[in-house]
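Breakdown of the fold
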Amino acid sequence: MEKLLSTERFTDFTGPNLSELAQFGKVYLFETVSSTQDIAKKLVSKQEPALVIALNQTKGRGRFLRRWHSVQGGLYFSYLLFPDFSVKDKTAQMTMLISLAVAQTLESLSGQKIDLRWPNDIMISGKKLGGLLCEARQNALIIGVGINLNQPFFPAFLSDATSLFIETNQNYELDKVLRLILTRCTNLYQEFNTGKFAQFLPEIKSRHILLNQRVRADLWLRRIEGNVLDLDDDGRLLIRTDSGRLLTITAGKVHRIKSV
Ligand code: BTN
C-alpha cells in the first residue's frame, strides 16, 4: 500500500528546501511507491502542476519498460507540467532540456564533468548516473527523473551504473539537489518557451558522448551500425549507416561500439 508521508516524518525532505519545493507544484512525498510516474499519471485529471517524490520505488521504470533500480539513496521524482505547447511534439526536446538542467546542476554540486547520452541518460566517467522518462498524457508532460546520488553500491547486473557518492565520496541532500534541479529546469524552460530549442544545442552537443562515435542502434524491427554525425534542431540523432544511408533517429536504443 502506498503511504503518503507527512513532511515531519520524511527526514530526507525537511526544512527550507522542502517548503521551497512547493513553488514548483503540489508536492506528494512517498516512502515507497510502485512508480512516481504512475502516481503522476493519476494526477493529470487535477490539471495542476505536481511533484511526486519517493524514497524507494518497487516498479521504477525507464524507457522500453526497463526496470529502474530504485533503492533508498537515489532521487526519484516525477514532475507533472501543463505546458502551453503541444506536449507530444516537444517531448523529445523537453527530455534534452531537462537532461541539460540535471547535468548542469550535478556538475556544479559535485565539481565533476557530467555528460549526456542520447536520448535520456545522465553520465559520469562513462557510467550511468541517471535517466529521464518523459511521457505525454493529454495536455500534460510527465517528466520522470531518477538520479543515483548516495547509493554506496549497485548489484552486479548493473555494471554500467554508478552514483555521485561512488564518484565523489560525498553524500548529497536529496531535497537540496531536487530544489536546485527544478530551479534550473524552470529557468531553461522559460528560455525555451520564449526562444528556440536550437539555442541549447551547442551545450547539449558538447556534453554528448555519442557524437562522432561508432554506434549500434536497435530500432523498430531492425538493428543498424554506423557513425553518429550530429543532433538536429529537434534533438534527433543523425547516423550515417555502414551502408551509406543517412538516418534520422527519434527513438531507439543506441550504444557506442568500438571501431574495427
Ligand atoms: C531510463 O534510464 O530509461 C529512465 C529512467 C527514469 C527513472 C525515473 S525514477 C522516477 C520516475 N519513476 C519511474 O518509474 N521512472 C522515472
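Just so it is clear, the structure is predicted and the values come from calculations on it, not from any experiment.

**Considerations on helix 3 (residues 87-110)**
End to end, helix 3 covers 32 Å across 24 residues, agreeing with the expected 34 Å (1.5 Å per residue, within 8%). At Gln93, helix 3 shows its strongest bend, of approximately 40°. Of all 24 residues making up helix 3, 17 are buried, and the element is well covered by its neighbours. In the segment just after helix 3, Gly111 is the residue with positive phi, at about 75°.

**Topic: the nonpolar core**
Judged by nonpolar contacts, the single largest core of 64 residues is most densely connected at Leu75, Phe77, Met94, Leu106, Ile143, Leu149 and Leu237. Looking at this core, the element that brings in the most residues is helix 3, giving ten residues. Those residues in contact with Phe77 that lie beyond four places of it in its chain are Thr36, Leu51, Val52, Ile53, Ile143, Gly144, Val145, Leu178, Ile181 and Leu182. Among the nonpolar cores identified, the runner-up in size contains 14 residues, and Ala40, Ala50, Val52 and Ile142 belong to it.

**Points about the domain arrangement of the protein chain**
Per the domain assignment, the segments of the protein chain are domain 1 (7-206) and domain 2 (210-256). Using C-alpha coordinates to define each centre, domain 1 is positioned 25 Å away from domain 2. Counting from both sides, the interface comprises 14 residues of domain 1 and, opposite them, 16 residues of domain 2. Summing both sides of the interface, domain 1 and domain 2 together bury roughly 1,200 Å²; the carbon and sulfur share of this comes to 63%. When the buried surface of domain 1 facing domain 2 is broken down by residue, Phe64, Trp118 and Lys205 rank first, second and third, together holding 50% of it. Our count for the contact surface shared by domain 1 and domain 2 stands at one salt bridge. Two residues, Lys205 and Asp230, come together in a salt bridge whose shortest N-O distance is 2.9 Å.

**A short note on the pattern of salt bridges**
Charged atoms that come close allow side chains of opposite charge to pair. Here the structure, examined in full by the defined rule, presents 17 salt bridges. Of the charged contacts, one joins Arg207 and Glu203 as a salt bridge, the two residues approaching to 2.9 Å between their closest N and O atoms. In this pair, Arg207 and Glu203 both sit in helix 6 (residues 201-207), four residues apart, roughly one turn of the helix. For Glu225, the salt bridge identified is with Arg216, shortest N-O distance 2.9 Å. Here Glu225 falls in the partly exposed class, since its relative accessible area comes to 27%. Exposure remark for Arg216: the relative accessible area of 28% places this residue in the partly exposed category. Linked through salt bridges whose partners overlap, the residues forming this network are Asp38, Lys41, Arg61 and Glu135.

**Thoughts on the site of the ligand**
Around the ligand, a shell composed of 19 residues is seen, among which Ser35, Gln57, Arg61, Arg63 and Lys128 lie nearest. One of the backbone nitrogen or oxygen atoms of Arg61 is found 2.7 Å away from a nitrogen atom of the ligand. One of the backbone nitrogen or oxygen atoms of Arg63 is found 2.8 Å away from an oxygen atom of the ligand. In the complex, the protein chains occlude 99% of the 420 Å² of accessible area that the ligand would expose alone. Of all elements in the fold, only helix 2 (36-42), strand 3 (75-81), strand 6 (127-137) and strand 7 (140-147) reach the threshold of two or more residues within the shell around the ligand.

**Side note on the pairing of strand 2 (residues 50-57)**
Of all the eight residues making up strand 2, eight are buried; the element is thus mostly covered by neighbouring parts of the structure. Here strand 1 (residues 26-33) runs beside strand 2; their pairing, made up of seven bridges, is parallel. Looking at strand 2, one finds that Phe30 is bridged to Ala54. Handedness of the β-α-β unit built from strand 1, helix 2 and strand 2 comes out right-handed. Note that strand 2 and strand 3 share five bridges and pair antiparallel. Of the residues in strand 3, the one forming a bridge with Ala50 is Leu80.

**Here we look at the side chain of Thr105**
Checked against the element boundaries, Thr105 lands in helix 3. A distance of 2.7 Å separates a polar atom in the side chain of Thr105 from the backbone oxygen of Ala101. Setting aside anything within four residues of it in sequence, one finds Thr105 in contact with Val177, Leu180, Ile181 and Arg184.

**What about the sheet that holds strand 5 (residues 121-124)?**
The seven strands lie next to each other as 1-2-3-7-6-5-4, forming an open sheet whose pairing is mixed. The sheet is open, and its two borders are formed by strand 1 and strand 4 (115-117), each paired with just one other strand. When strand polarity is set aside, the average angle formed by the axes of neighbouring strands in this sheet is 20°. Examined bridge by bridge, strand 5 and strand 6 share four bridges and lie antiparallel to one another. Residue Asp121 lies in a different strand from strand 6, and its bridge partner there is Gly131. The strands touched by helix 3 within the sheet are strand 3, strand 4, strand 5, strand 6 and strand 7, with strand 7 carrying the most contacts at an inclination of about 30°. Contacting strand 2, strand 3 and strand 7, helix 5 (residues 174-194) crosses the sheet at an angle of about 35° to strand 3.

About the cut-offs
Residues numbered from 1 in each chain as written. Predicted model: local features only at pLDDT ≥ 70, side-chain atom pairs only at ≥ 80, totals over all residues. Heavy atoms only, no water. Helix = DSSP H or I, 4+ residues; strand = E, 2+ residues; numbered from the N terminus. Expected span 1.5 Å × (residues − 1). Bend = angle between axes of the 7 residues up to and from the residue. Buried < 20%, exposed > 50% of the residue type's maximum accessible area, 1.4 Å probe, protein only. Core = buried A, V, L, I, M, F, W, Y, C linked by side-chain atoms within 4.5 Å. Contact = heavy atoms within 4.5 Å. Domains from an automatic or database assignment. Buried area = accessible area lost by both parts, 1.4 Å probe. Salt bridge = Lys/Arg side-chain N within 4 Å of Asp/Glu carboxyl O. Near = heavy atom within 4 Å. Polar contact = N/O pair within 3.5 Å; in protein donor to acceptor, adjacent residues only side chain to side chain. Areas by Shrake-Rupley, 256 points an atom, 1.4 Å probe, with all protein chains shown as cover. Pairing = 2+ DSSP bridges. Right-handed = clockwise from strand over helix to strand, strands pointing away. Axes fitted to C-alpha atoms, helices over the stretch in contact; angles between N-to-C directions.

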